[in-house]
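# Structure assessment
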Amino acid sequence: MLPQEIIRAKRDGERLDDDAIRAFVAGITDGRVGDEQLGAFAMAVFLNGMDRAETARLTLAMRDSGSVLDFSGAGLDGSMLDGPVLDKHSTGGVGDSVSLILGPWVAACGGYVPMISGQGLGHTGGTLDKLSAIPGYDPFPGRARLSAVVADVGVAIIGQTDDLAPADRRFYAVRDVTATVECIPLIVASILSKKLAEGLDALVMDVKTGSGSVMGEPARCLELARAIVEVAGRAGTPTSALVTDMNQVLGRNAGNALEVIEAVEVLRGERRDSRLLDVTRELAAEMLIAGGLHGDRDDALTALDRALASGAAAERFSRMVAALGGPADLVDRPEVSLPRAAVAIDIAPAHDGYVEAMDVREIGMAVVGLGGGRHRGGQAVDYSVGLENVAGIGEHVDRDRPLARVHAASDTDADRAAGRIRRAVRIADRPTTPPPRVLTTFRAGDLDFESADKRR
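The structure presented is a predicted model; accordingly, all values stated were derived computationally and were not measured.

### A few points about the sheet that holds strand 12 (residues 438–443)
Sheet strands pair by backbone hydrogen bonding; their relative direction is either parallel or antiparallel. Here four strands make up an open sheet; going across it, the order is 1-4-5-12 and the pairing mixed. For this open sheet the edge positions go to strand 1 (86–90) and strand 12, each flanked by a neighbour on one side alone. Across the sheet, the mean angle separating the axes of adjacent strands is 15° when strand polarity is ignored. Bridge count for strand 5 (residues 239–245) against strand 12 is five bridges, and the pairing is antiparallel.

Here you go:
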C-alpha cells in the first residue's frame, strides 16, 4: 500500500482501516515513509481528524513498532508478579513531583509500577530530569535489571529506551516542525503508544488544566482526557483520567533537586497539608482501584494513608534509588547528596497582600531561564536551581512571607528570576479561594464508545 494513497485517503476525510495504518507506521519505522509524507499525513489528520477506532489502531501500531514489555515473569527466577502492573502519566506541569511520590506509594500498596518518564518540555518539568539530579541514579537500566528491580522493589522510574515505540519518536519530531502538535488524535497516540508498551494492566492519566497546562483551553483538556480513556479502553488497557488544576504551582518547590527534596519530605510524612500530597493521593487511589487492589475510594485512601504513615512508601523509594545506583541514604539525608545552588535569595512581593492569581507558565519559564530546563534539545540542565516554598493562591505574602526563595547560579540570575516571578503573580487586598485540586474524572465504564466513534 503506497504511502501517498494512505495520505490521499485521509486528506479526503476517509477512515483508515487497520491494514492502512499498520502499513504507514511500518514505513515510519523503517524509513520508507519520507519526512515530507509524514508531515503531509500529520496535517491531513490535523485538518480532518480521526475517530476513536482509528486513533486506537494508530496507537497500537505505534506501540508495536518496537518492543513491548512483559512482566508476567518479571522475577529473575521466572516467578509471576503477585499484583497488577500499573502506571500514571501527566500532561506536564510546574512543581509536579507526583511521580516520585506516587510510584513508591502504589508499590507499597501492592501494585507494580514500571514507570517510563520523560525530560522537561517547554515550561514543564520532567521526571527524568528530577531523577538525573540524584547522583549515581541510572534511569536507563537494561531489561534484566529493570525487571529485577520491579519484581523486588515494586517500582522503577526510568527513561524511554530506543526500542520502545520508535515510530512515535520520529513522528513527534516531524509534528514539532509542521505545526501539527496540537492535534488530539496524534497526542493520544503519542502518549498511549509509549505507555501501553509497558505491558500495563491499568493506566491513570493526570490531565492538567489552567495557566500552567500545555493544552490551553479547559474544553481541550476535557476532550483530551476523554479521548485517552476511550482509546486506551479500545486498545485493551483500562484507563482513568483525572483533570487536575494547574493554575498555581502544584508543589511548594519547582526545580529538579528541590522537587526531589519536597517529594522525600512528603514521603517522610512532613508535608501533610500540601496540594502536591492531595493530588498524588487522589491519583494513587485511582490506580489502586483501576488495578483491582481496592474496590472503592475510601478503602484505597485508607490503604494509602497507612502505607505513608508506616514509612512503607518512603522505604520503597529508598530501595528503588539504591537499586538503580543512587545513594542508599537519600531519604534520610537528601540535602547531603543533591546538588545545591551557589545563591539563594527571598523574593519579596511588590506590596503586601494575598496571592490572587499566577501565570504558572511564566513561573515555569523562570525556572528554565535559571538553567533548570532546556531552551533547545540536548541542552545541559543545572539540577540545583529553581524555586523553594512558592506561595499559593489565597496565601498572605509580605517581607516576612516572600513569594518564594530562588536558588540560582549567580546573583544576576537570581535577580532576573525574582523580577519575572513578581510579574507573574497578582496580589490582591483580600484572600481568594484556591481552585479545586481535581475538577473531574473520566473512567472507561462511564463513557459511550459507540457514540465516540461518530466524533472527530
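### Quick look at the sheet that holds strand 11 (residues 425–428)
Spatially, the three strands line up as an open sheet ordered 9-7-11, and their pairing is antiparallel. The open sheet has two edge strands with one neighbour each: strand 9 (396–397) and strand 11. Two elements, strand 7 (residues 353–358) and strand 11, share four bridges in a ladder whose sense is antiparallel. Its bridge partner being in strand 11, Met 358 is matched across the sheet by Val 425. On the sheet, helix 17 (residues 411–424) packs against strand 7 and strand 11 and is oriented at approximately 55° with respect to strand 11.

### Comments concerning helix 12 (residues 275–290)
With 16 residues, helix 12 extends 23 Å from end C-alpha to end C-alpha; this agrees with the ideal 22 Å at 1.5 Å per step. Helix 12 sits mainly inside the fold: twelve of its 16 residues count as buried. Of all the positions in helix 12, only Arg 275, Leu 276, Leu 277, Val 279, Thr 280, Glu 282, Leu 283, Ala 284, Ala 285, Glu 286, Met 287 and Leu 288 are classed as buried. Of the residues one or two after helix 12, Gly 292 is the one with positive phi, at around 75°.

### Let's talk about the packing of helix 8 (residues 166–176) against helix 9 (residues 184–196)
Close contact between helix 8 and helix 9 brings their axes to 10 Å; oriented N to C, the two are set at 150°. Here helix 8 lies roughly antiparallel to helix 9, going by the angle between them. The crossing of helix 8 and helix 9 is left-handed. Packed against helix 8, whose contacting residues are Asp 168, Phe 171, Tyr 172 and Arg 175, the element helix 9 presents Leu 186, Ile 187, Ser 190, Ser 193 and Lys 194 at the interface. Each residue belonging to the contact of helix 8 with helix 9 can be placed in one class, and the counts come to four nonpolar, two polar and three charged.

### So, the confidence of the model for the chain
Of all residues in the chain, 95% have pLDDT values of 70 or greater, and the mean over the chain is 91. Scored below 50 in pLDDT, residues 449–456 shows 25 contacts in the model against residues more than four places distant or in partner chains.

### Brief notes about the packing of aromatic side chains
Within the structure shown, the criterion is met by two aromatic pairs. Ring geometry for Phe 41 and Phe 171: centres 6.3 Å apart, planes at 45°, overall tilted. Of the two residues, Phe 41 is situated in helix 3 (residues 35–48) and Phe 171 in helix 8; the sequence distance between them amounts to 130 residues. Like Phe 41, the residue Phe 171 is buried in the burial classification. Taken together, the ring pairs connect Phe 24, Phe 41 and Phe 171 into an aromatic cluster.

### What about unusual backbone geometry?
Phi angles above zero are rare outside glycine, and Ala 165 is one such case at about 45°. What makes Ala 165 buried here is its relative accessible area of 0%. Phi at Asn 389 takes a positive value of approximately 55°, unusual for a residue other than glycine. Position of Asn 389 among the secondary structure elements: in the loop between strand 8 (386–388) and strand 9. Judged by relative accessible area, which is 38%, Asn 389 ranks as partly exposed.

### What about the environment of Asp 64?
Looking at the secondary structure, you find Asp 64 in the loop between helix 4 (52–63) and strand 1. When the C-alpha atoms of Asp 64 and Leu 164 are compared, they prove to be 8.6 Å apart, with 100 residues separating the residues in sequence. At a separation of 3.1 Å, a polar atom in the side chain of Asp 64 contacts the side chain of Arg 22. A distance of 2.8 Å separates polar atoms of two side chains, one belonging to Asp 64 and the other to Arg 63.

### Description of the pattern of salt bridges
Under the counting rule described, the total for this entry stands at 37 salt bridges. Residue Glu 230 is joined to Arg 226 by a salt bridge in which the shortest nitrogen-to-oxygen separation is 2.9 Å. Here Arg 226 and Glu 230 lie together in helix 10 (residues 218–234), a separation of four residues that amounts to about one turn. The buried category is assigned to Glu 230, whose relative accessible area is 0%.

### Comments concerning the pairing of strand 1
Burial within strand 1 is extensive, with four of its five residues counted as buried. Pairing analysis gives five bridges linking strand 1 to strand 4 (residues 202–209), with the strands arranged parallel. Pairing of Asp 87 across the sheet is with Leu 203, part of strand 4.

### Examining the side chain of Asp 168
Tracing the backbone through its elements, the reader meets Asp 168 in helix 8. For Asp 168, a relative accessible area of 4% translates into the label buried. At a separation of 2.9 Å, a polar atom in the side chain of Asp 168 contacts the side chain of Lys 194. What Asp 168 contacts, discounting residues up to four positions off in sequence, is Met 62, Ser 190, Ser 193 and Lys 194.

What counts, and where the lines are drawn
- Residues numbered from 1 in each chain as written.
- Predicted model: local features only at pLDDT ≥ 70, side-chain atom pairs only at ≥ 80, totals over all residues.
- Heavy atoms only, no water.
- Pairing = 2+ DSSP bridges.
- Helix = DSSP H or I, 4+ residues; strand = E, 2+ residues; numbered from the N terminus.
- Axes fitted to C-alpha atoms, helices over the stretch in contact; angles between N-to-C directions.
- Contact = heavy atoms within 4.5 Å.
- Expected span 1.5 Å × (residues − 1).
- Buried < 20%, exposed > 50% of the residue type's maximum accessible area, 1.4 Å probe, protein only.
- Parallel < 35°, antiparallel > 145°, perpendicular 65-115°, else oblique.
- Left-handed = near helix turned anticlockwise from the far one by under 90°.
- Nonpolar A, V, L, I, M, F, W, Y, C, P; charged D, E, K, R; others polar.
- pLDDT = per-residue confidence, 0-100.
- Phe/Tyr/Trp six-rings, centres within 6.5 Å; stacked < 30°, edge-to-face > 60°.
- Polar contact = N/O pair within 3.5 Å; in protein donor to acceptor, adjacent residues only side chain to side chain.
- Salt bridge = Lys/Arg side-chain N within 4 Å of Asp/Glu carboxyl O.

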